[in-house]
Amino acid sequence: MPNLRVLSMSDCYLSGPFDSSLQKLKSLSIIRLDFNLFNAPVPDFFANFSNLSSLGLSSCGLNGTFPEKVFRILTLQTIDLSNNEQLQGSLREFLPNGSLRSLLLSGTKFSGALPDSIGNLTMLSRIDLSLCNFSGSIPNSMANLTQLVYLDMSSNNFTGLIPSFSMAKKLTQIYLSHNDLKGKIDSLNWKDLLNLVILDLGYNLLGGNIPASLFSLPSLQILRLSNNQFSGRLEFNVSSHLLNTLDLSSNNLEGPVPTSVFELQGLKFLSLSSNSFNGSLQLNKIQQLRNLSNLDLSYNILSIEYIETNSSLSSFPQISTLKLASCKLKTSPDFLTNQSKLTMLDLSNNEIPGKIPNWIQNLTNLLYLNLSHNHLEGPLPNLPSTLCILDLHSNQLQGQLPTLPPPATYLDLSGNNFSSVIPAGIGSSLNFAYFLSLSNNLLSGSIPVSICNASYLQVLDLSNNFLNGTIPQCFYEMSETLVVLDVRRNKLSGNISDSFSVNCDLQTLNLNGNLLEGVVPKSLGNCKYLEVLDLGNNKIKDAFPCHLKSIASLRVLILRSNKFYGSIDCGGPNTSWPMLQIVDLASNNFIGRLPRESIFAWKAMMDHGQSRIQYLQFGILQFSQNYYQDMIRVTIKGLDIELVRILTLFTSIDVSCNNLNGTIPEEIGELKSLRLLNFSQNALTGHIPPSLGNLTQLESLDLSNNNLTGEIPVQLEDSLTFLSFLNLSFNQLVGPIPQGKQFATFTNDSYEGNRGLCGSPLVTNCTNGTAPPPSATQKSEGTNSTTLIGFDWQFILTGLGFGVGAAAVVAPLTFWEKGRKWHDDSIDKILLIILPMMGLSYAGCYNAKVEAEEDIEDENTEDSEDKDDDDEMEDEEFHGRYCVICSKLDISRKRVIHDPMCACHNSPPLSSSSSISSSSS
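Remember, it's a predicted structure, so these values are computed and weren't measured experimentally.

The rules behind the values
Residues numbered from 1 in each chain as written. Predicted model: local features only at pLDDT ≥ 70, side-chain atom pairs only at ≥ 80, totals over all residues. Heavy atoms only, no water. Pairing = 2+ DSSP bridges. Helix = DSSP H or I, 4+ residues; strand = E, 2+ residues; numbered from the N terminus. Disulfide = S-S within 2.5 Å. Phe/Tyr/Trp six-rings, centres within 6.5 Å; stacked < 30°, edge-to-face > 60°. Buried < 20%, exposed > 50% of the residue type's maximum accessible area, 1.4 Å probe, protein only. Salt bridge = Lys/Arg side-chain N within 4 Å of Asp/Glu carboxyl O. Polar contact = N/O pair within 3.5 Å; in protein donor to acceptor, adjacent residues only side chain to side chain. Contact = heavy atoms within 4.5 Å. Axes fitted to C-alpha atoms, helices over the stretch in contact; angles between N-to-C directions.

Engineer: What should I look at first to understand the pairing of strand S54 (residues 683-687) in this one?
Structural biologist: Along a regular strand, successive side chains alternate from one face of the sheet to the other. Examined bridge by bridge, strand S52 (residues 659-663) and S54 share three bridges and lie parallel to one another. Bridged to Asn 661 within S54 is Ala 683. Sheet analysis places S54 next to strand S56 (residues 707-710), joined by three bridges and oriented parallel. If you follow Thr 685 over to S56, its bridge partner there is Asn 707.

This is the structure:
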């Protein structure tokens, strides 16, 4: 046994650490222990086998750090440590004249830089360092490895330039994809690599032109240069017909697609997608590529045309994958009728009109169908029962929902005109579904309980329909698997059930724009991964949900336009939500002060240095290219806007239209990434804190309709360089208006209703940099009496006469209820006739109340008891819901000015001065 030269025990179910007695076999030349399960480090005594020529330890569950002295064994020719995911190590110095021929470390945690001495291994023919953690540049000394046949350094962190391998005449395969390599490749003498079969440089930062010499290599079969920064025109002459795979996708290539591409007779896979190729291209040219099975020309600036010919459809190649997304295609190519092998078809983002052709149902091998973003209409034909992915969103499809293919995992029928109810048995077609979106249709009726049979469902989007009834109780139990539940903007009623699963996995819960009542359930606190919570525009009556403050992942909290009440201060040092970036509590009944402790907890709003652009989204596990994008509605610069994609950089606070009081906390200045701040229509007092000048990213600031005093801080002028919307109207501010930078762009609407302000854009000039006295009276010097300055007796007598006359009319109205009603109705009728003639429109108190009654009646037509209760609603509640009732008409300025005393509770927020639109008549 001491003279044993070969130890070969591959795949022998060995386990445990290496036996120390193994070190006695010092004469070993070959060790093969692959495919066992040692779960142990390689002992140091392996470096003592001085005669070792081959060491095979792949897929052995090795861990720890590999002894680097093993690489210095002079006789070692082959070392294979691949597929040991926990094995660490590095490559130090290689001795001159080393005999190593194969270095295989793929799928390990080897890291660090490659030493220049790797060029000493002149006998090296096979290198596989893929899927490791190597970094730094690829040494130029590798040009000395003239015996190289196989080189794989993909999926590492290599940087810098690609060295020339032109001296390695025997090279057949080069894999350098998924690194950070950069620079040009057109000077690397590719023409010398006459035996090269595969070249894969994808997913790097390489640029410049694609060298035409690559297409002259006589043995080249696979060329992958995708996901780089190659630019310019693609120009080459064909001298070889062996190339079967050409992937140039996701670069910056431009110009027309060269006709020489269609002379590559051996092509099976052709992808030119996501470039800037332009001009027109006849799809019929693919008839020349008889072996073509995969074609992707999507997302260029191409206009692809298909011409129906008299030639047989069988002259087209049998294609398995066809992707022509965003190609300005105006028809469905009829040659697809004959494509019995087609498994993937993407014609999305085109201009295809009419009905979906009936031949779709004949594609019996079709697994993927994407016809979204076209002009398709009419009812759907029968769909292939083999479909796993079906995407028809953003068309004009009508009628009933189709029968969904049972094996489907991804289903998107959103953005159409389907007008049926959701079939009661839809759940039987969702046994494997991960994603279901029926949003933005005309669906009605209740939500079928059978959807709960979809045990793998992660995203359910039924938003923007006319669904009614309650949210099925089983949905709350599905929260263990559901990540997104979006039923916003329907007519769902009832309470939110207090039965969210203990293992709730929800990231998005959007119930906005329904008729939901009750309170925020305590069990919602079980959803520890919740990022978006939107309960806005419902009828929820509850205190501020402090019981959710332990959800550290929460980014979006929207409670707008409900009946929430009480303080928004959860109190104490345990306030949380460090990731919170959007807070919308507008149009409720909140009272009390703005919470100082909470502001310090909102760390995401303090991250001024955040620059990476990301969106709140959920990636579907099975399909990396598909995402659910979170969507919410926010009020930005006085406009109600839907954010189709929520940037993690977007931050906002909106607590407008409540009864908050006290001062604006200085701590608000710590939220340095804040983009939107709206404290309008509250009862805030005190000065505008100078710390608002720290909010250098602020784009919109609305503090209107409060009781703020003092001057506008100069810090706002100096720092708020991104500010594009400002509203400080209807406060008690005094002093000069800042004149520099952004403040020079705002109109008088931003400042009106502050009698103490002066300077441009107001007509009131400042005297010596100060505002004029706010009153028309002053005290005479040396006396205690207050006298009018500059009596105008004509004006006073005229006013006195007008006052006596007005009193004769107003006094009876004060004590005569029917008279008051007759007066109000008459004034409304007069204004409704006169103002349209002046190009104006008018909504008075009477009309607003009638609209409120009609809205409430519509909401309760299905429940007569609720309708009776609503008929008995007191006038005060109408004032609570419709601020226009409390408005004053300013004809001279063509606007309605909202009274600061107006109670805006339970209503959508209105800007301090809403324009009365000018009629175009």
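From this point on, the discussion continues.
Engineer: What is the right way to read the sheet that holds strand S31 (residues 396-399) from this model?
Structural biologist: Sheets are built from strands paired through backbone hydrogen bonds, the pairs being either parallel or antiparallel. Overall, parallel pairing links the four strands, which are arranged S27-S29-S31-S33 in an open sheet. Since the sheet does not close on itself, it has two edges, and those belong to strand S27 (353-354) and strand S33 (417-418), each with one partner. In the sheet, S31 pairs with S33 via two bridges, with the strands oriented parallel. Counterpart to Gly 399 in the pairing with S33 is Phe 418.

Engineer: What am I meant to see in the environment of Lys 26 here?
Structural biologist: Its location among the elements puts Lys 26 in the loop between strand S1 (6-8) and strand S2 (30-32). In the structure, Lys 26 is positioned 23 residues away from Asn 3 in sequence and 7.6 Å away in space, judged by C-alpha atoms.

Engineer: Where do I start with the state of the cysteines in this structure?
Structural biologist: Here, disulfide denotes a covalent bond that connects the sulfur atoms of two cysteines. Going through the model one piece at a time under the given rule, you end up with four disulfides. The residue that forms a disulfide with Cys 504 is Cys 527, at a sulfur-sulfur distance of 2.1 Å. Across the disulfide from Cys 504 to Cys 527, rotation about the S-S bond amounts to roughly 90°, and the bridge is consequently right-handed. Of the two residues, Cys 504 sits in the loop between strand S39 (491-495) and strand S40 (508-510) while Cys 527 sits in the loop between strand S41 (515-517) and strand S42 (532-534), which places them 23 residues apart along the sequence. Residue pairing for Cys 546: its cysteine sulfur links by disulfide to Cys 570, the two sulfurs lying 2.1 Å apart. Every disulfide takes its handedness from the sign of the S-S torsion; for Cys 546 and Cys 570 that torsion is -95°, giving left-handed.

Engineer: Sorry, what's going on with the packing of aromatic side chains here?
Structural biologist: What describes a pair of aromatic rings is the distance from one ring centre to the other and the angle between the planes of the rings. Applying the stated criterion across every chain, the model contains 22 aromatic pairs. Taking the centre distance of 5.1 Å and the plane angle of 85° together, the rings of Tyr 476 and Phe 500 count as edge-to-face. Here Phe 500 lies in the loop between S39 and S40 and Tyr 476 lies in helix H1 (residues 473-477), a separation of 24 residues in the sequence. Each member of the pair, Tyr 476 as well as Phe 500, carries the same accessibility label: buried. Aromatic side chains Phe 743 and Phe 746 sit 5.8 Å apart centroid to centroid with 85° between the ring planes, which places their arrangement in the edge-to-face category.

Engineer: Just to check I follow, could you spell out the pattern of salt bridges for this structure?
Structural biologist: Side chains that carry opposite charge are capable of pairing whenever their charged atoms lie near each other. Within this structure, the stated rule accounts for nine salt bridges. Glu 68 is the salt-bridge partner of Arg 92, the closest N and O atoms lying 3.4 Å from each other. With a gap of 24 residues between them, Arg 92 in the loop between strand S6 (86-89) and strand S7 (102-104) and Glu 68 in the loop between strand S4 (63-65) and strand S5 (78-80) connect regions that are remote in the sequence. With relative accessibility at 31%, the residue Glu 68 sits in the partly exposed group. Note that Arg 560 is salt-bridged to Asp 584, the shortest N-O span being 2.8 Å. Taken together, the positions of Arg 560 in the loop between strand S43 (556-558) and strand S44 (565-567) and Asp 584 in strand S45 (residues 582-584) put the pair 24 residues apart, joining distant regions of the chain. Residues participating in the shared-partner salt-bridge network are Arg 560, Asp 584 and Asp 654.

Engineer: Explain the side chain of Ser 166 here, please?
Structural biologist: In this fold, Ser 166 is placed in the loop between strand S12 (157-160) and strand S13 (173-175). Residue class for Ser 166 comes out buried when judged on its relative accessible area of 12%. A polar contact of 3.1 Å, which involves the side chain of Ser 166, links it to the side chain of Ser 164. Apart from residues no more than four positions distant in its own chain, Ser 166 is found in contact with Leu 188, Asn 189, Asp 192 and Leu 193.

Engineer: Would you mind showing me how to read the sheet that holds S12 here?
Structural biologist: Taken together, eleven strands build an open sheet; the order of strands is S4-S6-S8-S10-S12-S14-S16-S18-S20-S22-S24 and the sheet is parallel. Taken across any chain shown, the strands that pair with only one partner, and hence form the sheet edges, are S4 and strand S24 (301-305). Averaged over all pairs of adjacent strands, the angle between strand axes in this sheet comes to 15°, irrespective of strand direction.

Engineer: Would you explain the pairing of strand S8 (residues 109-113) in this entry?
Structural biologist: As paired strands, S6 and S8 are joined by two bridges and run parallel to one another. Bridge pairing links Gln 88 to Lys 109 in S8. As paired strands, S8 and strand S10 (residues 133-137) are joined by three bridges and run parallel to one another. Within S10, the residue paired with Ala 113 across the bridge is Ser 135.

Engineer: Where do I start with the environment of Gly 119 in this structure?
Structural biologist: Within the secondary structure, Gly 119 is located in the loop between S8 and strand S9 (126-128). Taking relative accessible area as the criterion, Gly 119 reaches 7% and is therefore assigned buried. Expressed as a C-alpha distance, the spacing of Gly 119 and Ala 143, which sit 24 residues apart in the sequence, is 7.4 Å. Look past the residues within four positions of Gly 119 in its chain and what remains in contact with it is Ser 141, Asn 144 and Leu 145.

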